[in-house]
Amino acid sequence: MAVSTPKAPSSVLHGFELQPGKVVDVEMNHPVKVRIKVPLIGYEMGRYIILKYPVSSRGSDYQDVLVEGNVVIARYILEGDRGECFAFRSTIKHITKYPENFIILNYPKKIESRQLRLHQRIATHLPASIMVDSETGDQKSIRLNGIIGDISTKGCGFAFKADNNKIKVTKRDVFVCIQSPNGGEVKILANVCNSRNEQGKVSVGIKFFDDDKQVSNLLEQLFIDQNML
């Protein structure tokens, strides 16, 4: 089985692919260092990127650093089978107060990317569930049904629909349950690394335990080429 190593940062000219509503981490260092997480409103390729910024809990609107011409470092993550972190350097083009508090950045000349995962994942649409054993012996295990959107020998991305926008999966050990092509259900012991809820769609990052041989056997049964992972 081939093991890939993290790629060195690479520059691309047209790498801004983030969807509106996703979070961008913005860092400014003049006259003081400030780092805020703000949602993307939209962008026009080659011209500008629009972000919405909040007023802090202390009532500050970051007037000291949100100044036209000030340099910013922006970072964001694309999940899924790519699992990459992107970063670019830009300057503030304009600040608006109406109709909302918007930061308008000049479109970056280049965008750096770095692969986050040690092992490349293969995109799938595999029905599955994650099962959590009840902490009390008199209750049944909790099972969440959804799909595996990407998978490797080391982990997978699992997603399911939730009743509200606040439900998440806490970091803990779980069983990933997948129907085997040879019949029966395969239960893979794993650990929840992260979870996020985006308008009722819960995405869960899962890491398989290293000593679990079931994963390799299952990928072989699913005709997934492990030499690509």
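Keep in mind it's a predicted model, so treat the numbers as computed, not measured.

A.B. asks: So what's going on with the overall build of the protein? Residues and values would help.
C.D. replies: Helix and strand counts for the protein stand at 1 helix and 14 strands. Here the protein holds 229 residues, and the buried ones make up 41% of them. Approximately 13,500 Å² of the protein is accessible, and the part contributed by carbon and sulfur atoms is 52%.

A.B. asks: For the nonpolar core, give the residues involved together with the corresponding values.
C.D. replies: Phe-16, Met-28, Ile-36, Leu-51, Leu-66 and Ile-103 are the most contacted members of the largest nonpolar core, which totals 27 residues. Elements supplying a minimum of two residues to this core: strand E2 (23-28), strand E3 (34-44), strand E4 (48-52), strand E5 (71-78), strand E6 (84-96) and strand E7 (102-106). Apart from residues lying up to four places away in sequence, Met-28 is in contact with Lys-33, Val-34, Ile-36, Val-65, Leu-66, Val-71, Val-72 and Ile-92. Judged by nonpolar contacts, the second largest core, of 25 residues, contains Ile-148, Ile-151, Val-169 and Val-192.

A.B. asks: I'd like a description of the environment of Asn-29, backed by residues and values.
C.D. replies: As for its position among the elements, Asn-29 is in the loop between E2 and E3. Relative accessible area serves as the criterion here: at 43%, Asn-29 is assigned to the partly exposed category. Sequence-wise, Asn-29 and Val-65 are 36 residues apart; in three dimensions their C-alpha atoms are separated by 7.6 Å.

A.B. asks: Would you mind going over the sheet that holds strand E9 (residues 122-132) in detail, with residue names and values included?
C.D. replies: With antiparallel pairing, the 6 strands of this closed barrel are ordered in space as E9-E10-E11-E14-E13-E12. Averaged over neighbouring strand pairs, the angle between their axes works out to 45 degrees when direction is ignored. As paired strands, strand E13 (residues 185-198) and strand E14 (residues 201-208) are joined by 8 bridges and run antiparallel to one another. From the neighbouring strand, Val-192 faces E14, where its bridge partner is Ile-206. Against the sheet, helix H1 (residues 214-221) makes contact with strand E10 (142-151), strand E12 (173-179), E13 and E14, and its axis sits at roughly 90 degrees relative to E13, the strand it touches most.

A.B. asks: Tell me about the packing of aromatic side chains, residues and numbers included.
C.D. replies: The description of an aromatic ring pair rests on the distance of the ring centres and on the angle between the ring planes. Applying the stated criterion across every chain, the model contains 2 aromatic pairs. Ring plane angle 10 degrees and centroid distance 5.3 Å describe the contact between Tyr-76 and Phe-86, whose orientation is recorded as stacked. One end of the pair, Tyr-76, is in strand E5; the other, Phe-86, is in strand E6, with 10 residues separating them in the sequence. With a relative accessible area of 2%, Tyr-76 lands in the buried category.

A.B. asks: Please set out the pattern of salt bridges residue by residue, giving values where relevant.
C.D. replies: Within this structure, the stated rule accounts for 11 salt bridges. For Glu-198, the salt bridge identified is with Arg-196, shortest N-O distance 3.2 Å. Residue classification places Glu-198 among the partly exposed residues on the basis of a relative accessible area of 30%. A relative accessible area of 28% means that Arg-196 is categorised as partly exposed.

What counts and how
Residues numbered from 1 in each chain as written. Predicted model: local features only at pLDDT ≥ 70, side-chain atom pairs only at ≥ 80, totals over all residues. Heavy atoms only, no water. Helix = DSSP H or I, 4+ residues; strand = E, 2+ residues; numbered from the N terminus. Buried < 20%, exposed > 50% of the residue type's maximum accessible area, 1.4 Å probe, protein only. Areas by Shrake-Rupley, 256 points an atom, 1.4 Å probe, with all protein chains shown as cover. Core = buried A, V, L, I, M, F, W, Y, C linked by side-chain atoms within 4.5 Å. Contact = heavy atoms within 4.5 Å. Pairing = 2+ DSSP bridges. Axes fitted to C-alpha atoms, helices over the stretch in contact; angles between N-to-C directions. Phe/Tyr/Trp six-rings, centres within 6.5 Å; stacked < 30°, edge-to-face > 60°. Salt bridge = Lys/Arg side-chain N within 4 Å of Asp/Glu carboxyl O.

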